[in-house]
Amino acid sequence: VHSDLDFGKLHRALQEVFVASNLRHDAILPYKGFRIERDKEKSGVYQLYIISARMKMSLKELINKRLHSNQGPFPKSTVLAFIKTLLSGLKYLSDNKIAHRDIKSANILVDKKDNLVIGDLGEAKQSLDDETTEGELSLRGTYAYMAPEMLDSLDRRQMKKRDLLKADVRSLGFTILEICSLRQA
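Residues numbered from 1 in each chain as written. Predicted model: local features only at pLDDT ≥ 70, side-chain atom pairs only at ≥ 80, totals over all residues. Heavy atoms only, no water.

1. Overview of the packing of aromatic side chains
The test is simple: Aromatic contacts are taken between Phe, Tyr and Trp rings whose centres are within 6.5 Å, Trp giving its six-membered ring; a plane angle under 30 degrees counts as stacked, one over 60 as edge-to-face, and the others as tilted. Under the scheme applied here, a residue whose accessible area is under 20% of the maximum for its type counts as buried, over 50% as exposed, and between as partly exposed, the area being computed with a 1.4 Å probe on protein chains only. In our convention, an over-ring charge means Lys NZ or Arg CZ found within 6 Å of a ring centre and within 35 degrees of that ring's normal.
For the structure on display, the rule yields two aromatic pairs. Here the aromatic rings of F74 and F82 are separated by 5.6 Å at their centres, their planes lie at 70°, and the arrangement is edge-to-face. F82 gets classed as buried once you look at its relative accessible area, which sits at 7%. Against the face of Y49 rests R35, its NZ or CZ located 4.5 Å from the ring centre.

2. A word on the sheet that holds strand β2 (residues 31–38)
Our working definition: For two strands to pair, DSSP has to find at least two bridges joining them. Only DSSP runs of H or I with at least four residues qualify as helices, and only runs of E with at least two residues qualify as strands; both kinds are numbered from the N terminus onward. Under this scheme, a helix contributes an axis fitted over its contacting stretch, all axes are lines through C-alpha atoms, and angles between N-to-C directions fall in the 0 to 180 degree range.
With respect to topology, three strands assemble into an open sheet ordered β1-β3-β2, the strand pairing being antiparallel. The outermost strands of the open sheet, each flanked by one partner alone, are β1 (2–5) and β2. Averaged over all adjacent pairs, the angle separating strand axes in this sheet is 15°, with direction ignored. Here β2 runs beside strand β3 (residues 46–52); their pairing, made up of seven bridges, is antiparallel. Counted as the bridge partner of E37 is Q47 from β3.

3. Describing the sheet that holds strand β6 (residues 108–110)
Neighbouring strands of a sheet are bound in pairs by backbone hydrogen bonds; such pairs are parallel or else antiparallel. Note the following rule: Throughout, a residue-residue contact means that at least one pair of heavy atoms, one from each residue, lies within 4.5 Å.
Spatially, the three strands line up as an open sheet ordered β4-β6-β7, and their pairing is antiparallel. Two strands bound the open sheet, and with one partner strand each, they are β4 (57–58) and β7 (116–118). As paired strands, β6 and β7 are joined by three bridges and run antiparallel to one another. Opposite V110, over in β7, you have L116 as the bridge partner. Relative to the sheet, helix α3 (residues 76–95) contacts β6 and β7, its axis offset from that of β7 by approximately 25°.

Quick look at the structure:
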């Protein structure tokens, strides 16, 4: 649920719906639809409800649960399966010229069979090619997971859109470190 959105924020939130609605991959959260409601008490305010598959928890919650239950690290086979799934999902996004721009454990979800899916495409950028504008490469995502070149505005102006895909891989690397160490980035 995206709450208390003015028209501009509603437009940005709908980007997630439109990007995600055409994606079909086992490692990407399937979106089934959306509903918009006007706030009856506040003029010009909307609520956006995104309908997707039901998930058990986020990867961040799974990591914290494992850490606090003193189970120790994930088995090597589980870590490798997680990595394979997440790389497959990122490759699918890349093949479709989509940069996620906010890969982190909180945006990776766990279904009832403990499979991982990449979710929260709210910061995603679609239709990547070699042409670039500074606005399209604006700083998006969570600092702790960002590639260093994304934090430097001079570097960002010199980047190509395809470099955003490389930044997603770097963010995934930080997430894999969390999986292996059971510590947040």
